[in-house]
Amino acid sequence: MVYRVLLTDDHAVVREGVRRLLEDCREIKVVAEASNGDEAIRMARTFLPDVAVIDLSMPGRDGIEVTRMLASELPKVKVLILTMHANEDYALRLLQAGAYGFVGKGATSSELLAAVLKVAHGGRYVQPALLEKLPQQIANGALHASPVQSLSDRELQVLKMLAEGHTGREIGGFLHLSVKTVDTYRARLLAKLKLQTTADLIRFALRHGVIEEV
């Protein structure tokens, strides 16, 4: 059997590299590519792939929002998320949203291929280092205990971009929001996390793995 894959990433060079890797496997055929979340949803509706490999951070709808929409509308399309942020908070959020798997972009080629095949066969894939942490966290009711887990998907997007140094105008353009709305999200983040300044938000994001220290 050949499994049909939709590949979504806003960087063409990343899509090309992943496509070449996947199509070296006789069990996989990349039937469509998309550069953002809205395109991914349209392509999924058109091609009905077995697996949708989706980047977490994209303009407009991010990987979490796309995952929720596909899980609701096209539950037979299994989502595997690719991300730079391979930590348990993101893993919990993505699995809760309906993703079948979660792979860091630092994964080896063999690990990525194994993840796609496992998800295609109906299994779930989480990197071993994270898998050890998740069952205990869930058993302890930690799904909502982490401060990061208390944030909505959009709040998490805005936090990540603020922490990366983007301006309100840049964030608004990326997420299709007005600058005023971005300011509202920033104020909401400060209140919800009991912080005072953008510098506090940056330190919070680093401490909780929302962004990685350079």
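Coordinates for the structure precede this section.
Residues numbered from 1 in each chain as written. Predicted model: local features only at pLDDT ≥ 70, side-chain atom pairs only at ≥ 80, totals over all residues. Heavy atoms only, no water.

Here we look at the overall build of the chain
In step 1: The number of helices and strands found in the chain is 11 helices and six strands.
In step 2: Here the chain holds 214 residues, and the buried ones make up 47% of them. (Helix = DSSP H or I, 4+ residues; strand = E, 2+ residues; numbered from the N terminus. Buried < 20%, exposed > 50% of the residue type's maximum accessible area, 1.4 Å probe, protein only.)

So, the environment of serine 178
In step 1: You can see serine 178 is positioned in the loop between helix H9 (168–175) and helix H10 (179–193).
In step 2: Among the residues examined, serine 178 registers a relative accessible area of 38% and is labelled partly exposed.
In step 3: Along the backbone, serine 178 and glycine 168 are 10 residues apart, and their C-alpha atoms lie at a distance of 8.5 Å.
In step 4: Side-chain polar atoms of serine 178 contact the side chain of threonine 181, separated by 2.8 Å. (Polar contact = N/O pair within 3.5 Å; in protein donor to acceptor, adjacent residues only side chain to side chain.)

Concerning the environment of threonine 8
In step 1: Its place among the elements puts threonine 8 in strand E1 (residues 3–8).
In step 2: For threonine 8, a relative accessible area of 1% puts it in the buried group.

Digging into the sheet that holds strand E2 (residues 28–34)
In step 1: Taken in spatial order, the six strands of this open sheet run E2-E1-E3-E4-E5-E6, and their pairing is parallel. The open sheet is flanked by E2 and strand E6 (125–126), the only strands paired with a single partner.
In step 2: In the packing of helix H2 (residues 37–47) onto the sheet, contacts are made with E1 and E2, and the angle to E2 comes to roughly 135°. (Pairing = 2+ DSSP bridges. Contact = heavy atoms within 4.5 Å. Axes fitted to C-alpha atoms, helices over the stretch in contact; angles between N-to-C directions.)

With respect to the pairing of strand E5 (residues 101–104)
In step 1: Burial along E5 is two-sided: Gly101 and Val103 and Phe102 and Gly104, pointing in opposite directions, are all buried.
In step 2: Of the strand pairs in this sheet, strand E4 (residues 78–83) and E5 are connected by four bridges, and their pairing is parallel. In the strand pairing of E5, threonine 83 is matched with glycine 104.
In step 3: Strand direction decides the pairing type here: E5 and E6, joined by two bridges, are parallel. For glycine 101, the partnering residue across the bridge sits in E6 and is tyrosine 125.
In step 4: The β-α-β motif built from E5, the intervening helix H5 (residues 109–120) and the parallel element E6 has left-handed crossover chirality. (Right-handed = clockwise from strand over helix to strand, strands pointing away.)

What about the environment of leucine 206?
In step 1: Tracing the chain through its elements places leucine 206 in helix H11 (residues 198–207).
In step 2: Each C-alpha atom, one on leucine 206 and one on alanine 163, is 8.1 Å from the other, the two residues being 43 residues apart in sequence.

Concerning the packing of helix H8 (residues 153–163) against H11
Each pair of packed helices can be described by the angle between their axes along with the distance between the axes.
In step 1: Contact geometry for H8 and H11: axes closest at 9 Å, N-to-C directions at 105°. Comparing the axis directions of H8 and H11 gives the class roughly perpendicular. On H11, the residues touching Leu159, Leu162 and Ala163 of H8 are Leu201, Ile202, Phe204 and Ala205.
In step 2: Split by residue class, the contact of H8 with H11 holds seven nonpolar, no polar and no charged. (Parallel < 35°, antiparallel > 145°, perpendicular 65-115°, else oblique. Nonpolar A, V, L, I, M, F, W, Y, C, P; charged D, E, K, R; others polar.)

Here we look at unusual backbone geometry
In step 1: Despite not being glycine, histidine 176 shows a phi value in the positive range, around 60°.
In step 2: The residue histidine 176 is located in the loop between H9 and H10 in this model.
In step 3: Despite not being glycine, lysine 194 shows a phi value in the positive range, around 60°.
In step 4: Assignment of secondary structure puts lysine 194 in the loop between H10 and H11.

Here's the deal with the nonpolar core
In step 1: Among the nonpolar cores identified, the biggest contains 47 residues, and Ile54, Leu70, Leu156, Leu159, Leu189, Leu201 and Val210 are the most heavily contacted of them.
In step 2: In terms of residues, this core owes the most to one element, H8, which gives six residues.
In step 3: Val18, Val53, Leu80 and Leu112 belong to the second-largest nonpolar core, a separate cluster that totals 21 residues. (Core = buried A, V, L, I, M, F, W, Y, C linked by side-chain atoms within 4.5 Å.)

Considering H10
In step 1: Here H10 spans 21 Å end to end across 15 residues, near enough to the 21 Å set by a 1.5 Å rise per residue.
In step 2: The set of residues buried in H10 consists of Val182, Tyr185, Leu189, Leu190 and Leu193. Buried residues in H10, looked at end-on, bunch into an arc of 135°, giving them a common side. More than 90 degrees from the buried face of H10, the exposed residues found are Lys180 and Ala191.
In step 3: Close packing links the buried residues of H10 with H8, H9 and H11. (Expected span 1.5 Å × (residues − 1). Arc of directions from axis to C-beta.)

Geometric descriptors of this kind do not, in isolation, establish any biological role.
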